Amino acid sequence: MKILLRSASVMALALGAAGCETPVPQVLAPQHVPSNFTAPTARGAPVWPSAGWWAGFGSPEMTGLVTTAQTSNLDLAAATARVLQAEAQSEISGSALFPSLSLQGSAQRARNGQGALLTDVNGVPVGTRPITTNSFGLSLNASYELDLWGKARANLRAADQLVLASNYSQQVVALTVTTDVATTYLDVLALRERLAIADENVNAAKRVLAIVQAKVTNGVSSRLDLAQQQAALAGLESAIPAVEEQEREARYALAILLGRLPEGFNVAGKNLDGIQSPQVAPGLPSELLRRRPDVAQAEANLASAHANVDAARAAFFPQIGLSGSGGFVSSALSMAFSNSAFGWSIAASLLQTVFDGGLLEGQLDLSKAQQEELVATYRSSVLNAFSDVETTLGQVSSLADQERLKTDQVNAAAEAFRISELQ
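Residues numbered from 1 in each chain as written. Predicted model: local features only at pLDDT ≥ 70, side-chain atom pairs only at ≥ 80, totals over all residues. Heavy atoms only, no water.

A. The overall build of the protein, seen in detail. Helices and strands together make up the secondary structure of the protein, namely eight helices and four strands. Mapped in sequence order, the helices and strands of the protein form the string α-α-α-β-β-α-α-α-α-β-β-α. Relative to its full complement of 423 residues, the protein shows a buried share of 28%. Excluding contacts between residues fewer than 6 apart, the proportion of contacts in the protein whose partners are at least 24 apart in sequence is 82%. (Helix = DSSP H or I, 4+ residues; strand = E, 2+ residues; numbered from the N terminus. Buried < 20%, exposed > 50% of the residue type's maximum accessible area, 1.4 Å probe, protein only. Contact = heavy atoms within 4.5 Å.)

Structure, rendered in structure tokens:
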């Protein structure tokens, strides 16, 4: 009894929304979007980077690598295939809105082993004779389920939103691949520059070691000074293989991003001298939500889940189907298409679930729970988008300060080394 009452209440709720497209839940209010970012921003920088933002680094080689990745990266190819899958699924879902037509032809030849009864002129049975018969047929069948309650349309909306989500997901992959290519390329150049600096340090340490060796030979310094300088030289040399391995791994990672084998892959750049540092500035937070493909993907997934809720509600209503058929059946092929061989039929059907053990109600609850999950996912994507911008802007400001202080440190160290060599 309790189950029947619950089913009746769910049915009454579904009746109120029958055939209607309900609005997608609005999970963001104006107070959930900040008016501006709190991190410091660069003045005079463009509000949003251009589509070819990587060209702002002034490296033709980087631009070429990014262009290659856009056509050869395997993750991007897989994302493109997922878009095609979503489009095909949308086409499948949309087919429910149209009638189904099928054409059937048949030809049959049969022989009756017992045969027909033979009689004489007086009608007296005298025996039997086998009979061979032919039968030819051609029929057209049609069926259509009326979408009075909007179930098929809701399923199509859900599939269309998944197509949007797949497109946004492809954009996320494309943006990630482009960023990874640029970052990895800069890592390769930075590691090569570190190797060049390490070689210079080793050469400088060898020159100092030669001086200390001469001073020990002349009795000016102790062997302790010599051992300490030898240890310093060995420490500098021991750090080089690790940096070489990092540079090699970065090159291999860059090759994979380009869809190439790592063997024999190389880049021409040697250091970061020719790299320009483009200015970075954010736009308004509200614009960020419209431009970030991961946020748009989460929103499309939420809209798809909501359409599934509408479809689950519509499933409580009766299914009304129409069917019809017409065709020709004849024992002779020459007479198959005559009026006497033509026949037709039409029919209507009504199917209403009376008791299913809670199946439809469970499917509705499942759709609602999935929608609640995607509401939380959408809010999380928005928060992460704001956090990413704030964090990155803070990193830009912090790294600029570090660069300035490191420059002062390098200049002071260079002067100290020059004086030490003179002494």
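What follows picks up the thread again.
B. Inspection of the packing of helix α3 (residues 74–94) against helix α4 (residues 151–217) at higher detail. Put simply, α3 and α4 touch, their axes get as near as 8 Å, and they point 170° apart. When the axis of α3 is compared with that of α4, the two are roughly antiparallel. Where α3 approaches α4, its residues Asp75, Leu76, Ala79, Thr80, Arg82, Val83, Ala86, Glu87, Gln89, Ser90, Ser93 and Gly94 are matched on the opposing element by Asn155, Leu156, Ala159, Asp160, Leu162, Val163, Ser166, Asn167, Gln170, Val173 and Ala174. Looking at side-chain class alone, the contact of α3 with α4 contains 10 nonpolar, nine polar and four charged residues. (Axes fitted to C-alpha atoms, helices over the stretch in contact; angles between N-to-C directions. Parallel < 35°, antiparallel > 145°, perpendicular 65-115°, else oblique. Nonpolar A, V, L, I, M, F, W, Y, C, P; charged D, E, K, R; others polar.)

C. Fine view of the confidence of the model for the protein. On average, residues of the protein carry a pLDDT of 86, and 85% of them reach 70 or more. Across residues 1–18, where pLDDT falls below 50, the model places 16 contacts with residues more than four positions away in sequence or in other chains. (pLDDT = per-residue confidence, 0-100.)

D. The arrangement of the nonpolar core in detail. The biggest cluster of nonpolar side chains holds 35 residues, and the ones touching the most others in it are Met62, Leu65, Val181, Tyr185, Leu254, Phe265 and Val267. Elements supplying a minimum of two residues to this core: α2 (60–72), α3, α4 and α5 (223–257). Per element, the largest residue contribution to this core is 16 residues, and it comes from α4. If near-sequence neighbours (up to four positions away) are discounted, Tyr185 is found in contact with Ser59, Glu61, Met62, Leu65, Leu254, Val267 and Gly269. (Core = buried A, V, L, I, M, F, W, Y, C linked by side-chain atoms within 4.5 Å.)

E. Highlighting the pattern of salt bridges. Counted by the stated rule, this structure contains 10 salt bridges. Linking Glu247 and Arg192 is a salt bridge whose minimum nitrogen-to-oxygen distance equals 3.0 Å. In this pair, Glu247 sits in helix α5 while Arg192 sits in helix α4, placing the two residues 55 residues apart along the sequence. Close ionic contact of Arg251 with Glu247 constitutes a salt bridge, the shortest N to O distance being 2.9 Å. Placement of both Arg251 and Glu247 in helix α5 is noted, with a separation of four residues, approximately one turn of the helix. Each member of the pair, Arg251 as well as Glu247, is classed as buried. Beyond isolated ion pairs, a larger network of salt bridges with shared partners links Glu21, Arg157, Asp310 and Arg313. (Salt bridge = Lys/Arg side-chain N within 4 Å of Asp/Glu carboxyl O.)

F. Main features of the packing of α4 against helix α7 (residues 293–314). Interaxial distance between α4 and α7 falls to 8 Å at its minimum, and their mutual angle equals 165°. Compared by their axis directions, α4 and α7 come out roughly antiparallel. In this structure, the crossing between α4 and α7 has a hand that is left-handed. In the contact of α4 with α7, the residues fall into 14 nonpolar, eight polar and four charged. (Left-handed = near helix turned anticlockwise from the far one by under 90°.)

G. Structural detail: a nonpolar patch on the surface. Together, Leu101, Leu103, Leu138 and Leu140 make up an exposed nonpolar region whose accessible area comes to about 400 Å². Those elements that place two or more of their residues in the nonpolar patch are β1 (100–119) and β2 (125–146). Relative to the assigned elements, Leu101 resides in strand β1. (Patch = residues over 30% accessible without salt bridge, like charges linked within 9 Å, V, L, I, M, F, W, Y side chains within 5 Å. Areas by Shrake-Rupley, 256 points an atom, 1.4 Å probe, with all protein chains shown as cover.)

H. Up close: α7. Taking 1.5 Å of rise per residue, the 22 residues of α7 would be expected to cover 32 Å, and the 31 Å separating its terminal C-alpha atoms lies within 8% of that figure. Taken across its 22 residues, α7 has 17 buried, putting it largely inside the fold. (Expected span 1.5 Å × (residues − 1).)

I. Quick peek at α4. In this model, α4 (67 residues) spans 95 Å end to end at C-alpha, consistent with the 99 Å of a helix rising 1.5 Å per residue. Where α4 ends, the next residue or the one after it, Gly219, has phi of about 75°, a positive value.

J. Structural view of the environment of Gln161. Take Gln161: it is sitting in helix α4. Spatially, the C-alpha atoms of Gln161 and Ala307 are 8.8 Å apart, while their sequence positions differ by 146 residues.

K. Expanded view of the environment of Gln229. If you trace the backbone, Gln229 turns up in helix α5. Counting along the chain gives 24 residues from Gln229 to Ala205, while the straight-line C-alpha distance between them is 7.6 Å. If we skip the residues at most four places from it in the chain, Gln229 touches Ala205, Val208, Leu209 and Val212.

L. Quick peek at the side chain of Asp310. You can see Asp310 is positioned in helix α7. There is a polar contact of 2.8 Å between the side chain of Asp310 and the side chain of Arg157. (Polar contact = N/O pair within 3.5 Å; in protein donor to acceptor, adjacent residues only side chain to side chain.)

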